[in-house]
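# Structural overview
Single-letter residue listing:
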Amino acid sequence: MTKQELFEQIKKKESFLCVGLDTDPNKIPAHLLYEEDPIFTFNKEIIDATADLCVAYKPNTAFYESLGIKGWIALGKTIQYIKTYYPEQFIIADAKRGDIGNTSAMYARTFLDDLNVDAVTVAPYMGEDSVSPFLSYENKWVILLALTSNKGSQDFQLFKNEEGQHLYERVLEKSQDWGNDENMMYVVGATQGKSFEAIRKYVPNHFLLVPGVGAQGGSLQEVCKYGLNTQCGLLVNSSRGIIYADNTIDYAEGARNAAKTLQLQMAKELEAIL
Ligand SMILES: O=C(O)c1cc(=O)[nH]c(=O)n1[C@@H]1O[C@H](COP(=O)(O)O)[C@@H](O)[C@H]1O
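Values in this document were obtained by computation on a predicted structure and should not be read as measured data.

## Considering unusual backbone geometry
Here E14, not a glycine, exhibits a phi torsion of approximately 50°, which is positive. Mapped onto the fold, E14 is located in the loop between α1 (3-13) and β1 (17-20). Judged by relative accessible area, which is 40%, E14 ranks as partly exposed. Its identity is not glycine, yet K96 carries a phi of approximately 45°, on the positive side. Relative to the helices and strands, K96 is located in strand β3 (residues 90-97).

Right, here's the structure in full:
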């Protein structure tokens, strides 16, 4: 999917919501455990209940890989379901990969060719040759970790060099030699508030994937205040806050209501740029 196509979806749906499919067998309603593939059944219901309110889905691969072969099958079926019934959706494999070049090439093939998602999250730590194999696929995206939502983001990402530049700012600057705003996005946690102002100085036109609203306490209003650009430039993710909003038999309706609440707030924020 191109950047323009993504923006068209955002305008059409008045939403820049990404629903995180972090599906944990210990958290899904108990009656689903009798199904042949509980994870896929759960995801399917969540997707059907939210697809008109969001523009992206982000399965975090850890939740699937932890279940072995069954998990990979559920992930593959989930991606295929979205591609068949909701082809306008942007699909992100949140895998946080990155290794020496020939190994990264295999990870890239796994996600961008075999599973055929639109984007994969990649760690920048090993540098250019670990990231560039992911950039060799047309109309696919690398989403590079920049300033993450967790407490540990302070350990390395906020380290300053002699010129006073943070490590995450160096990532934003240097990685623009490798990709551009048509094939690269950056992860910035919703919990990072005012830092979006500094980030937009480096990447005024790029899309940012912003996890951390909902369960992690980030503020959508603050993210929008400092992060919105003329083509929106934000994909805001919520996983637990949506998919586990209700853990009864009515879980899909609960997810829809939680997604709707965020979509309505997003529609209001978009008035500033549309
Ligand atoms: O790359 C990510 O998506 C990510 C980066 C980050 O800085 N923080 C972060 O929470 N995430 C992911 O975003 C999702 C957040 O989930 P919730 O906190 O349940 O909304 C999880 O899949 C995390 O792994």
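## Notes on the site of the ligand
Near the ligand, the surroundings consist of 16 residues, among which D22, S149, Q216, S239 and R240 are the closest. Interatomic distance of 2.6 Å between a side-chain N/O atom of S149 and a nitrogen atom of the ligand. The backbone of S239 places a nitrogen or oxygen atom 2.9 Å from an oxygen atom of the ligand. Contributions of two or more residues to the shell around the ligand are made by β3 and β8 (234-238).

Thresholds applied
- Residues numbered from 1 in each chain as written.
- Predicted model: local features only at pLDDT ≥ 70, side-chain atom pairs only at ≥ 80, totals over all residues.
- Heavy atoms only, no water.
- Helix = DSSP H or I, 4+ residues; strand = E, 2+ residues; numbered from the N terminus.
- Buried < 20%, exposed > 50% of the residue type's maximum accessible area, 1.4 Å probe, protein only.
- Near = heavy atom within 4 Å.
- Polar contact = N/O pair within 3.5 Å; in protein donor to acceptor, adjacent residues only side chain to side chain.

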